[in-house]
Amino acid sequence: ISPELSTEVSEFITKAIELQVEAYRRGDANIASSIMAGDIFATLDKDIASLNQQGFAQISEIDYYNSYIHDIRVINETNIEVDTCEVWSTNIYRRADGALIQSTDPRLLPQTITIQKLSTGWFITQVNFFDAPAFCNQ
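Rules used in this analysis
Residues numbered from 1 in each chain as written. Predicted model: local features only at pLDDT ≥ 70, side-chain atom pairs only at ≥ 80, totals over all residues. Heavy atoms only, no water. Phe/Tyr/Trp six-rings, centres within 6.5 Å; stacked < 30°, edge-to-face > 60°. Axes fitted to C-alpha atoms, helices over the stretch in contact; angles between N-to-C directions. Helix = DSSP H or I, 4+ residues; strand = E, 2+ residues; numbered from the N terminus. Parallel < 35°, antiparallel > 145°, perpendicular 65-115°, else oblique. Contact = heavy atoms within 4.5 Å. Nonpolar A, V, L, I, M, F, W, Y, C, P; charged D, E, K, R; others polar. Pairing = 2+ DSSP bridges. Buried < 20%, exposed > 50% of the residue type's maximum accessible area, 1.4 Å probe, protein only. Polar contact = N/O pair within 3.5 Å; in protein donor to acceptor, adjacent residues only side chain to side chain. Core = buried A, V, L, I, M, F, W, Y, C linked by side-chain atoms within 4.5 Å. Disulfide = S-S within 2.5 Å.

### Focus: the packing of aromatic side chains
The tally for this structure, following the rule as stated, stands at one aromatic pair. With a centroid separation of 5.7 Å and an interplanar angle of 70 degrees, the aromatic rings of Phe130 and Phe135 are classed as edge-to-face.

### With respect to the packing of helix α1 (residues 3–26) against helix α2 (residues 38–54)
The contact between α1 and α2 brings their axes to 9 Å, and the two run at 25 degrees. Classified by the angle their axes make, α1 and α2 are roughly parallel. Residues Gln20, Ala23 and Tyr24 of α1 lie in contact with α2, whose contacting residues are Leu44, Asp47, Ile48 and Leu51. Grouping the amino acids of the contact of α1 with α2 by side-chain chemistry returns five nonpolar, one polar and one charged.

### Digging into the pairing of strand β5 (residues 121–129)
Inspection of the sheet shows strand β4 (residues 100–118) paired to β5 by eight bridges, in the antiparallel sense. Within β5, the position partnered with Ile115 by the bridge is Ile124. With antiparallel pairing between neighbouring strands as the criterion, β4 and β5 make up a hairpin whose turn holds two residues.

### Things to note about the environment of Asp71
Inspection of the secondary structure puts Asp71 in strand β2 (residues 68–76). You can call Asp71 partly exposed: its relative accessible area is 30%. Sequence separation between Asp71 and Asp83 is 12 residues, and the spatial gap between their C-alpha atoms is 5.1 Å. If sequence neighbours within four positions are ignored, Asp71 has contacts with Glu81, Val82 and Asp83. There is a polar contact of 3.0 Å between the side chain of Asp71 and the side chain of Arg73.

### Describing the nonpolar core
In this structure, Met36, Leu44, Ile115 and Ile124 are the most contacted members of the largest nonpolar core, which totals 31 residues. Secondary-structure elements contributing two or more residues to this core are α1, α2, β1 (56–62), β3 (79–94), β4 and β5. The element that contributes the greatest number of residues to this core is α1, accounting for nine residues. Residues in contact with Met36, not counting those within four places in the same chain, are Gln20, Phe41, Leu44, Phe123 and Ile124.

### Details of the state of the cysteines
For the structure on display, the rule yields one disulfide. Here Cys85 connects covalently by a disulfide to Cys136, the sulfurs 2.1 Å from one another. On the sign convention where negative is left-handed, the bridge of Cys85 and Cys136, at about -95 degrees about the S-S bond, is left-handed. Of the two residues, Cys85 is situated in strand β3 and Cys136 in the segment after β5; the sequence distance between them amounts to 51 residues. Owing to a relative accessible area of 0%, Cys85 belongs among the buried residues under this scheme. Taking relative accessible area as the criterion, Cys136 reaches 8% and is therefore assigned buried.

From the geometry alone we can't say anything about function, so treat these as descriptive.
Here's what the structure looks like:
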């Protein structure tokens, strides 16, 4: 993997994280539609719709200092797989009054992200989660 590709993939994943966090925060999956497609977008949309129906907002935070890309594999010219080790904490609030409903401590989420080139650009189309630590060093 070239240093340039590694940087591009890292920036792409960071953008995807920021858009996903914002989509959950605002209760609108379409915020992430520029970078997520297929089943993974459908799952995001369903999760957010469920939270909205319950009157909840999900605020997730990634610990960038303890999260990293473990491996990048170019499968072919239209598919890249990225193993990431991400540390997330999540709070769920009631939209009506801002009351904290649920909180999760930071936890390691090993995952393999599939980035696929579609007709309109590169998108995350699949994410497979693994039980920690999997391939992560934590």
